[in-house]
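Architecture at a glance
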Amino acid sequence: MRGSDGADVLGHDLQRAADYLKRAGQLVILAGAGMSADSGLPTFRDEEGFWRNTGQRPFQLAGYEQFQQDPAAVWAFYLSRLAQYRSHQPHEGYELLRQWCHRLGEGNSFVLTSNTDGYFRRAGFTDNQLYECHGTIGWMYCDRPDCVFRSQGPVPIHQNRLERQDPTRIPRCACGALMRPHVLMFGDRSFDQRLQAPALARWEHFKQQLGVHNSPYVVLEIGAGDTVTVVEDETWALSRNALAVIQINPEKPIPQEVYCPWVGIKSGALHSVQALNILIGD
């Protein structure tokens, strides 16, 4: 936001959000692509996003049907993303969020993210507090759901090895079928949900514990868009009994009708978390 009026509004919203965070006994972090944008990663729909300059519609490029029709093109797309993810680092905001969660104590915080970059894990969040609902791009497995090798678990993607061999060469399983990234594609009929099951179970258990013993919880939504709504839907469902929702997104308006106080912070993830950290104090 620009100008003194905009700065005043942002400062007021940050203070409101900090006041709710100070009162929270539990914290739910729901993160979309905007969370990692400040690490230098493109989102999907902005001017520098992954969807730009591809010559294909976004739902086609990252769709399972396209993977079956032109696996080399889809693999090139995912390898390009993987190269960017690996060449950057989680920004300071991740570590600050991890510290907030640590101060709340074990079992009182959880992260659900639709991001596949693995940055929360790289920042030190553990399996007990993290659900990467769309998978993690650094792993792959056989495209055949009934493949015996697939049942042995995913294998890491050695990107440089693939590119040295031939950038158009498609990884294949020992059974002869295509390998695929562990990323949920649009219209995906091969995504291995079994790999997500333990994290999903922990997430569902955590939600059942929210508000127990009258412990107020805050929902912190960061960088979530409104096209793929998995994060947004969780925010809305959890807002019914939340102390407050804090929505960090420079572009997204807050809903007109809400169940609880809803604070919209019109700034990027890194700046917002840093500012809140100062206001929260030790």
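Residues numbered from 1 in each chain as written. Predicted model: local features only at pLDDT ≥ 70, side-chain atom pairs only at ≥ 80, totals over all residues. Heavy atoms only, no water.

Quick word on the overall build of the protein
In terms of helices and strands, the protein carries ten helices and nine strands. Classification of the 282 residues of the protein by burial places 48% in the buried group. Working note: accessible area of the protein is about 14000 Å², and carbon and sulfur atoms make up 49% of it. (Helix = DSSP H or I, 4+ residues; strand = E, 2+ residues; numbered from the N terminus. Buried < 20%, exposed > 50% of the residue type's maximum accessible area, 1.4 Å probe, protein only. Areas by Shrake-Rupley, 256 points an atom, 1.4 Å probe, with all protein chains shown as cover.)

Some thoughts on the side chain of Ser239
Inspection of the secondary structure puts Ser239 in the loop between helix H9 (230–238) and strand S8 (244–248). The buried category is assigned to Ser239, whose relative accessible area is 0%. Not counting residues up to four positions away in its chain, the partners in contact with Ser239 are Val245, Tyr259, Cys260 and Trp262. (Contact = heavy atoms within 4.5 Å.)

Remarks on the nonpolar core
If you look at the biggest cluster of nonpolar residues, it comprises 59 residues, and the most contacted ones within it are Leu97, Trp100, Phe120, Leu220, Ile222, Ile265 and Leu276. Tallying contributions element by element places helix H4 (residues 71–87) first for this core, with seven residues. Once you skip the residues sitting within four places of it in the chain, Ile265 turns out to touch Leu10, Asp13, Leu14, Ala17, Ile246, Gln247, Ile248, Asn249, Pro250, Ser272 and Leu276. Grouped together as the second largest cluster of nonpolar side chains are 19 residues, Ala199, Leu210, Val231 and Ala242 included. (Core = buried A, V, L, I, M, F, W, Y, C linked by side-chain atoms within 4.5 Å.)

Remarks on the sheet that holds strand S5 (residues 155–156)
Taking strand neighbours across the sheet as the criterion, the three strands line up as S5-S4-S6 in an open arrangement whose pairing is antiparallel. With one partner strand each, in any of the chains shown, S5 and strand S6 (179–183) form the two edges of the open sheet. Both strand S4 (residues 135–142) and S5 contribute to a ladder of two bridges, which runs antiparallel. Within S5, the position partnered with Trp139 by the bridge is Pro156. Strand contacts of H4: S4 and S6, with the helix running at about 140° to S4, the strand carrying the most contacts. (Pairing = 2+ DSSP bridges. Axes fitted to C-alpha atoms, helices over the stretch in contact; angles between N-to-C directions.)

It is worth stressing that arrangement in space is one thing and function is another; only the former is reported here.
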